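Analysis of the macromolecular model
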Amino acid sequence: MNKLIFSDKKLLVANWKSNKHYLEAIDWAKTFNQAEKRDNRQYVVCPPFPVLSSLVDYFTNTADLGVQDLSPFGAGAYTG
């Protein structure tokens, strides 16, 4: 994985909260990688912890991976 390097690029961070299970996460990653991206943006994807390790290979060349904090609650928008 690449280190986050600050530059003149716009930073776009996608935080999924706890809203995707494994198969949804893989489908989203495939769609993300096929989408046309603008050159002047740096992408950081922050999936939920249970699917984080499964997505490392999907974002090697298209985005950096980030993490989000934890929540004692089930599915929902409780993390940041």
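Summary of the structure given here.

Conventions adopted
Counting starts from 1 at the beginning of each chain's written sequence and moves along it residue by residue. With pLDDT at 70 or above as the cut-off, local features in this predicted model cover only qualifying residues; side-chain atom pairs require 80 or more to be listed or tallied, and sums for whole chains, interfaces and linings still use all residues. Derived side-chain values reflect all non-hydrogen atoms in the structure, with water molecules and hydrogen atoms excluded from consideration. Helix and strand definitions here come from DSSP, where helices need a minimum of 4 consecutive H or I residues and strands a minimum of 2 consecutive E residues; each element is numbered from the N-terminal end. Think of it in three bands: with a 1.4 Å probe and only protein chains considered, a residue is buried below 20% of the maximum accessible area for its type, exposed above 50%, and partly exposed in between. The criterion for strand pairing is that DSSP finds at least two bridges linking the strands in question. To estimate the expected span of a helix, count its residues, drop one, and scale the result by 1.5 Å. It is the directions from the helix axis to the C-beta atoms that the arc portrays. We call two residues in contact whenever any of their non-hydrogen atoms come within 4.5 Å of each other. Buried residues of nine kinds, namely Ala, Val, Leu, Ile, Met, Phe, Trp, Tyr and Cys, make up a nonpolar core once their side-chain atoms join them within 4.5 Å.

1. Quick word on the environment of R41
Note on placement: R41 falls in strand β2 (residues 41-46). By relative accessible area, R41 is classed as partly exposed at 35%.

2. Side note on the sheet that holds strand β1 (residues 10-15)
Taken together, the three strands give an open sheet; going across it, the order is β1-β2-β3, and neighbouring strands pair in parallel fashion. The open sheet terminates on both sides in strands that have one partner only, identified here as β1 and β3 (64-65). Where β2 and β3 come together, two bridges link them in parallel fashion. Within β3, the residue paired with V44 across the bridge is D64.

3. Re helix α1 (residues 22-34)
Counted at 1.5 Å a residue, the expected span for α1 with its 13 residues is 18 Å, and the 19 Å between its end C-alpha atoms agrees. Inspection of α1 places A25, I26, A29 and F32 among the buried residues, and these make up the whole buried set. In an axial view of α1, the angular spread of the buried residues amounts to 125 degrees, which keeps them on one side of the axis. In α1, the exposed positions that point more than 90 degrees away from the buried face belong to L23, T31 and Q34. In this structure, the buried residues of α1 make contact with β2 and α2 (49-55).

4. Remarks on the nonpolar core
For soluble globular proteins, the rule of thumb is that nonpolar side chains tend to be buried together. With 13 residues, the main nonpolar core has W16, F32, V45, L55, F59 and A63 as its most contacted residues. For this core, the elements supplying multiple residues, two or more each, are α1, β2 and α2. Considering each element in turn, this core owes the most residues, four residues, to α1.

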